[in-house]
Amino acid sequence: MPRFTVHVRNEWLTVPCKDATCSIKWLGFEALKRYIKNKPDNGGIQHIKDVHFGVKRCQGFGLLDNDDTIEDVLEDNDFVELGNITNMVYMFSVCREIDYISLDGNSLTSTDLVNLGKGLFKIKLTPEAEQKVVQSRELLDTIVKENKVVYGITTGFGKFAQTVIPVSKLKELQENLLRSHSSGLGSPLSPERTRMLLALRINVLAKGHSGISLETLHSMIQAFNASCLSYVPEKGTVGASGDLAPLSHLALGLMGEGKMWSPKSGWADAKYVLEAHGLKPISLKPKEGLALINGTQMITSLGAEAVERAEAIAQQADIIAALTLEVLKGTTKAFDSDIHELRPHPGQKEVALRFRSLLDSDHHPSEIAESHRFCDRVQDAYTMRCCPQVHGIVNDTIEFVKKIINTEINSATDNPMVFAERGETISGGNFHGEYPAKALDYLAIGVHELASISERRIERLCNPSLSELPAFLVNEGGLNSGFMIAHCTAAALVSENKVLCHPSSIDSLSTSAATEDHVSMGGWAARKALRVVEHVEQVLAIELLAACQGIEFLRPLRTTTPLEKVYDLVRATVKPWIKDRFMAPDIEAVHRLLVDQKVWNIAGPYIEKYCMEYIPESRPSSPTAFALDPPPSPRKRVRLE
């Protein structure tokens, strides 16, 4: 009796068919009956005969006609998906070819990796990488054929490194490795982060020093390109011998065990998800299990996201702080280029340059600045005056960390390493996660300062004795509380960051019967860094909301053109605060503007234009950097249209 697997609302259902002349419509209704059978509320389906659905093949994604007979369009054990016919037609009509990134193990960047996580690209190997992978595998096959004793290839692992395994059990050895090491706990990584993790592991294997077979590597690439993503718990790695637990979960799904997710299947048994996309589980050869799980890719992929988001929020923090300075009627004198030439840290000079390009000048006059030009104030508080010094070191920290992360992205972190040109394997310690762990602890400490100083600026905006504005930036204070508790939220996030910035990499616990007697704790360093960066984004979102609200009380005066553009961007999303309303959605909406880098996209072109017109020697020599002397950290360029 033929059987078919039907996907309905994230569930896979097996439907036997006694009569292959039945229609596709019959198959759909049978699947719906099974779906609602064990649902307390029938799955929200009141009258099954009134349900309109479309059916498509999971392999090839072809839409099926409901009147077609099963024997004409399906084969035994085929996979099909049930869904809304309108959505299916739309999905296929807008489908487009996605560009590819070629991986060679040497040239992937953190920016590329984040874009791969977002699903903006598929991946393939360069011919040179394929050749290296083949040569490396040939050496391992020779080792096995000659019955040589080599760690992880013909022996056990860790404390069992002295135990020689019979050739007949080498496949089982590798499979057992993945099963036993898949012991992580906690929430699974998001599809985006799992996609980054898989892409990075493929990139490392593409270097040709891990002994993976080309067949297995191609299977991994096919799974990535189909977005078949394993269930990877976020907790369980100590960061040496690499990220064993999360990478084992990643590989276990590719082996057809455990759970997997894809956009078309949702969560389901890995075997069924792979089959639904026309893919076969990988079959492990000697050393391949170890090659799949030995490395720092969990730390590094999360670290890549953290450093990319840190760079984006650091750029936008300068813009937000400049807007706050305008609202608080600060002076631009502290950003004079001669001051910063006397302490020429690259980040400090770059931040001062950004402030000059955004604030009152012949280039961008400000009516607000003109209104207090002859006031008796001599200098501003540190939170405004010292932005180049405080924000500057954050920029330099990000540059330092990004360099380490990009080096780690293109590093072979396996053990033992396979050197085909030398005809030997060598055991070492490249799997140890200390480099990215220390760097990401440093990143958290550095980027946190953006939130710390931002919270103090929020206080100045909300405090009428410091701002000369209505208390908490709202009229009818008392009846309305305005930004009173939004400031408390910022303070709470800054306080959380103070705990999260305690470095995890100063800790170590001996594991694996004292074989792995010093570890990096880099997995927690990466997760903490990401959380700190998110908190920084949220605090700056509150400051941006507050600064824009402050502008309302200075009207009809206008600030500079680029800062007015930022104000317009925010007001297109969030209305002015006339009286109290539900505030959380406003904060979330502005946070999304920052995550999507829209504030930078609005103001960045004005910064670049200022550099091009007023500082000829700063004309960029590359598409990613302002050519200051000494050169600052690489930054994204946005052209003025």
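Residues numbered from 1 in each chain as written. Predicted model: local features only at pLDDT ≥ 70, side-chain atom pairs only at ≥ 80, totals over all residues. Heavy atoms only, no water.

J.: Which parts of the structure should I look at to understand the domain arrangement of the protein?
T.: Many authors give the size of an interface as the accessible area that is lost as the parts come together. One can read the domain layout of the protein as domain 1 (3-83), domain 2 (100-294) and domain 3 (303-508 + 518-614). Relative placement of domain 1 and domain 2: their C-alpha centres are 33 Å apart. Counting residues at the interface gives ten residues for domain 1 and ten residues for domain 2. Across the interface of domain 1 and domain 2, roughly 840 Å² is buried in total on both sides, 61% from carbon and sulfur atoms. Where domain 1 packs against domain 2, one counts two residue pairs in polar contact (both at pLDDT 80 or more). Looking at the side of domain 1 that touches domain 2 residue by residue, the class counts come to four nonpolar, four polar and two charged. (Domains from an automatic or database assignment. Contact = heavy atoms within 4.5 Å. Buried area = accessible area lost by both parts, 1.4 Å probe. Polar contact = N/O pair within 3.5 Å; in protein donor to acceptor, adjacent residues only side chain to side chain. Nonpolar A, V, L, I, M, F, W, Y, C, P; charged D, E, K, R; others polar.)

J.: What am I meant to see in the nonpolar core here?
T.: Inside soluble globular proteins, nonpolar side chains tend to come together where they are buried. Residues I202, L292, L440, V447, L450, F483 and L544 are the most contacted members of the largest nonpolar core, which totals 152 residues. L292 has contacts with R201, L205, I212, M220, L247, A251, I282 and L284, leaving out every residue within four places of it along the chain. Judged by nonpolar contacts, the second largest core, of 22 residues, contains V8, C22, L32 and I70. (Core = buried A, V, L, I, M, F, W, Y, C linked by side-chain atoms within 4.5 Å. Buried < 20%, exposed > 50% of the residue type's maximum accessible area, 1.4 Å probe, protein only.)

J.: Whenever I open this one, the sheet that holds strand β3 (residues 54-57) confuses me. Can you help?
T.: By way of backbone hydrogen bonds, the strands of a sheet pair with one another, either parallel or antiparallel. Reading across the sheet, the five strands line up as β2-β1-β5-β3-β4 and stay open at both edges, with mixed pairing between neighbours. Bordering the open sheet on either side are β2 (11-16) and β4 (63-64), each of which pairs with just one other strand. Of the strand pairs in this sheet, β3 and strand β5 (residues 79-83) are connected by four bridges, and their pairing is antiparallel. Of the residues in β5, the one forming a bridge with G54 is G83. (Pairing = 2+ DSSP bridges. Helix = DSSP H or I, 4+ residues; strand = E, 2+ residues; numbered from the N terminus.)

J.: Explain the packing of helix α18 (residues 434-462) against helix α21 (residues 522-552) here, please?
T.: What describes two packed helices is the angle between their axes and the distance between those same axes. Interaxial distance between α18 and α21 falls to 8 Å at its minimum, and their mutual angle equals 20°. In terms of axis orientation, α18 runs roughly parallel to α21. As α18 packs across α21, the resulting crossing turns out to be left-handed. Residues belonging to the contact of α18 with α21 are distributed by class as follows: 19 nonpolar, three polar and five charged. (Axes fitted to C-alpha atoms, helices over the stretch in contact; angles between N-to-C directions. Parallel < 35°, antiparallel > 145°, perpendicular 65-115°, else oblique. Left-handed = near helix turned anticlockwise from the far one by under 90°.)

J.: Which parts of the structure should I look at to understand the pattern of salt bridges?
T.: Side-chain pairs of opposite charge can arise whenever the charged atoms involved come near each other. This model, assessed by the stated rule, comprises 32 salt bridges. Where R137 meets D141, a salt bridge forms, and the shortest distance between an N and an O atom there is 3.1 Å. Of this pair, R137 and D141 both sit in helix α5 (residues 127-145), separated by four residues, roughly a single helical turn. Taking the relative accessible area as the measure of exposure, R137 reaches 5% and is therefore buried. Residue class for D141 comes out partly exposed when judged on its relative accessible area of 39%. Measuring nitrogen to oxygen at the nearest pair gives 2.3 Å for the salt bridge that ties K171 to E175. Within this pair, K171 and its partner E175 are both found in helix α6 (residues 170-181), separated by four residues, close to a single helical turn. Residue K171 is classed as partly exposed on the basis of its relative accessible area, which comes to 37%. According to the relative accessible area criterion, E175 is buried, its value standing at 14%. Several salt bridges share partner residues, and in doing so they unite K171, E175, R179 and E257 into one network. (Salt bridge = Lys/Arg side-chain N within 4 Å of Asp/Glu carboxyl O.)

J.: Please explain a nonpolar patch on the surface as it appears in this structure.
T.: Nonpolar side chains collect at one region of the surface, where I393, F400 and Y442 lie side by side and expose about 280 Å² of accessible area between them. Summarising the element assignment, F400 is placed in helix α17 (residues 387-409). With a relative accessible area of 44%, F400 lands in the partly exposed category. (Patch = residues over 30% accessible without salt bridge, like charges linked within 9 Å, V, L, I, M, F, W, Y side chains within 5 Å. Areas by Shrake-Rupley, 256 points an atom, 1.4 Å probe, with all protein chains shown as cover.)

J.: Honestly, the packing of helix α12 (residues 297-327) against α17 in this entry has me stumped. Any pointers?
T.: Running from N to C, α12 and α17 cross one another at 160°; their axes reach a closest spacing of 9 Å. By the angle class used here, α12 and α17 are roughly antiparallel. Pair α12 / α17 crosses with left-handed handedness. Across the interface between the two elements, T300, G303, A304, V307, E308, A310, E311, A314, A317, D318 and A321 of α12 pack against C387, H391, V394, N395, I398, V401, K402, I405, E408 and I409 of α17. Partitioning the contact of α12 with α17 into residue classes produces twelve nonpolar, four polar and five charged.

J.: When you look at the pairing of strand β6 (residues 100-103) in this model, what are you seeing that I'm missing?
T.: For a regular strand, side chains alternate in direction, first toward one face of the sheet and then toward the other. Burial along β6 is one-sided: the face carrying I101 and L103 is buried and the face carrying Y100 and S102 is not. In this structure, β6 lies alongside strand β7 (residues 122-125), joined through four bridges in parallel fashion. Along β7, the bridge assignment pairs L103 with L125. For the handedness criterion, the β-α-β arrangement of β6, helix α4 (residues 110-117) and β7 is classed as right-handed. (Right-handed = clockwise from strand over helix to strand, strands pointing away.)

J.: Is there a simple way to think about the packing of aromatic side chains in this case?
T.: For any pair of aromatic rings, geometry is given as the distance between the ring centres together with the angle between the planes. Following the criterion strictly, the structure yields four aromatic pairs and no others. Centre to centre, the rings of Y231 and W267 are 5.3 Å apart; their planes meet at 65°, and the pair counts as edge-to-face. Taken together, the residues span a long stretch of sequence, with Y231 in the loop between β9 (229-230) and β10 (233-235) and W267 in strand β12 (residues 266-269) at a distance of 36 residues. Ring centres of F400 and Y442 lie 5.6 Å apart, and the angle between their planes is 70°; this geometry places the pair in the edge-to-face category. Pair noted here: F400 is in helix α17 and Y442 is in helix α18, with a separation of 42 residues, a long-range link. (Phe/Tyr/Trp six-rings, centres within 6.5 Å; stacked < 30°, edge-to-face > 60°.)

J.: Just to check I follow, could you spell out the side chain of E543 for this structure?
T.: When you line up the elements, E543 lands in helix α21. Classification of E543 as buried rests on a relative accessible area of 0%. Side chain to side chain, E543 and R457 meet in a polar contact 2.7 Å long. Residue contacts for E543: discarding those within four places in its chain leaves I320, A321, T324, S454, R457, I458 and L461.

J.: Just to check I follow, could you spell out the environment of V519 for this structure?
T.: Looking at where V519 falls in the secondary structure, it is placed in the loop between α20 (484-500) and α21. V519 sits in the buried class, given a relative accessible area of 0%. Separated by 25 residues in sequence, V519 and L544 place their C-alpha atoms 41 Å apart.

J.: Help me out: how do you make sense of the state of the cysteines in this one?
T.: Disulfide: a covalent bond formed between the sulfur atoms of two cysteine residues. The tally for this structure, following the rule as stated, stands at zero disulfides. Considering cysteine sulfurs only, C22 is the nearest to C17, which forms no disulfide, with 5.0 Å between them. (Disulfide = S-S within 2.5 Å.)

J.: Would you mind going over the sheet that holds β9 with me for this structure?
T.: Judged by pairing direction, the sheet is antiparallel, and its three strands sit side by side in the order β9-β11-β12 without closing on themselves. Either end of the sheet is taken by a strand with one partner, and the two such strands are β9 and β12. Here β9 pairs with strand β11 (residues 259-262) via two bridges, running antiparallel. Opposite L229, over in β11, you have W261 as the bridge partner.

J.: Please explain the environment of V144 as it appears in this structure.
T.: With respect to the helices and strands, the residue V144 is situated in helix α5. For V144, a relative accessible area of 13% gives the class buried. Considering only alpha carbons, one finds V144 and P286, 142 residues apart in sequence, at a separation of 7.7 Å.

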